[in-house]
Amino acid sequence: LKKYYSTKVKIFSPTLGWSSYLYGLLSNNNIVEYVGTDVIENVCTNTNILGQSLFPNKYIDIYCKPSEDLLKDINFMNKYSNYFDIIFFSPPYYKQEIYSSKNQSISRYNNYDSWLVNYWEQTIILCYKLLKKDTGILCYIISNYGKFQNLVLDMNSITEKYFKLIKQLP
């Protein structure tokens, strides 16, 4: 990541992390743009309000829709294809973190295999299309817990179809 220490960085988050990613990332002076999406309406609203009030000189663009649906959003894809320097997020863990929203991935995809293909793989394809080719970095936080002990292996296997793993941290 050292190559980004002196450049103007644009970041995308396929989940908003209760606004924590926006706050933490935009506190870095090199990060000039933050685009994110989530399915929880009040998280989207509050992230936008927080961003505009704390970082008025930075570009913030928040979408309130499932990340996997952005692939079909022609305006979004035209605007942001091959655009971002970094994608950073912690995705939902299938049926381990349940929040109130009709568009939650576990509400949309009723079994683990369907969730992996329709939520996770589609989100990874989105990330692949949004990152700058050859220089973009994808970073996500996941761990095994609960009854889905192969979650990390399954999610990383899908990711490795589109990205080269550089480093995995414990």
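Since we're looking at a predicted model, the values are computed, not measured.

Draft legend 1. Highlighting the overall build of the chain. Along the chain, the regular secondary structure elements total six helices and five strands. Secondary structure elements in the chain, listed N-terminal to C-terminal, are β-α-β-α-β-α-β-α-α-β-α. Put simply, the chain has 170 residues, and 49% of those count as buried. For the chain, the share of sequence-separated contacts (at least 6 apart) that also reach a separation of at least 24 residues comes to 70%.

Draft legend 2. Seen up close, the packing of aromatic side chains. The full count for this structure, using the stated rule, is 17 aromatic pairs. On the numbers, 5.0 Å between centres and 80° between planes, the contact of Tyr83 with Phe84 is edge-to-face. With centroids separated by 6.2 Å and ring planes inclined at 55°, the aromatic side chains of Tyr128 and Tyr162 adopt a geometry described as tilted. Placement of Tyr128 in helix α5 (residues 112-130) and of Tyr162 in the segment after α6 (151-159) is noted, with a sequence separation of 34 residues between them.

Draft legend 3. Structural view of the sheet that holds strand β5 (residues 137-140). Reading across the sheet, the five strands line up as β3-β2-β1-β4-β5 and stay open at both edges, with parallel pairing between neighbours. In this open sheet, the two edge strands, each paired with only one partner strand, are β3 (59-64) and β5. Between one strand axis and the next, the sheet turns by 15° as a mean value, whatever way the strands run. Two elements, strand β1 (residues 9-13) and strand β4 (residues 86-89), share two bridges in a ladder whose sense is parallel. Among the inter-strand pairings, Ile11 is bridged to a residue of β4, identified as Ile86. Where α5 meets the sheet, its contacts fall on β1, β4 and β5, and the angle it forms with β4 comes to roughly 150°.

Draft legend 4. α6, seen in detail. By the burial criterion, the buried members of α6 are Leu151, Val152, Met155, Asn156, Ile158 and Thr159. Taken around the axis of α6, the buried residues stretch over an arc of 155°, which confines them to a single face. Here the buried face of α6 lies against α5 and β5.

Draft legend 5. Looking closely at the nonpolar core. By size, the foremost hydrophobic cluster in this structure holds 46 residues, and its most contacted members are Phe12, Tyr34, Phe76, Phe89, Leu130 and Leu138. By residue number, the principal contributor to this core is α5, which donates nine residues.

Draft legend 6. Highlighting unusual backbone geometry. Of note, the phi angle at Ser19 is positive, near 80°, even though the residue is not glycine. Within the secondary structure, Ser19 is located in the loop between β1 and α1 (20-26). One non-glycine residue, Asp134, lies in positive phi territory at about 75°. Along the polypeptide, Asp134 turns up in the loop between α5 and β5. A residue is classified by how much of its surface remains accessible, and Asp134, at 82% relative accessible area, is exposed.

Draft legend 7. Quick peek at the side chain of Thr159. Within the secondary structure, Thr159 is located in helix α6. At 3.4 Å, the side chain of Thr159 forms a polar contact with the side chain of Trp120. Apart from residues lying up to four places away in sequence, Thr159 is in contact with Trp120, Ile124, Leu138 and Tyr140.

Rules of the game
Residues numbered from 1 in each chain as written. Predicted model: local features only at pLDDT ≥ 70, side-chain atom pairs only at ≥ 80, totals over all residues. Heavy atoms only, no water. Helix = DSSP H or I, 4+ residues; strand = E, 2+ residues; numbered from the N terminus. Buried < 20%, exposed > 50% of the residue type's maximum accessible area, 1.4 Å probe, protein only. Contact = heavy atoms within 4.5 Å. Phe/Tyr/Trp six-rings, centres within 6.5 Å; stacked < 30°, edge-to-face > 60°. Pairing = 2+ DSSP bridges. Axes fitted to C-alpha atoms, helices over the stretch in contact; angles between N-to-C directions. Arc of directions from axis to C-beta. Core = buried A, V, L, I, M, F, W, Y, C linked by side-chain atoms within 4.5 Å. Polar contact = N/O pair within 3.5 Å; in protein donor to acceptor, adjacent residues only side chain to side chain.

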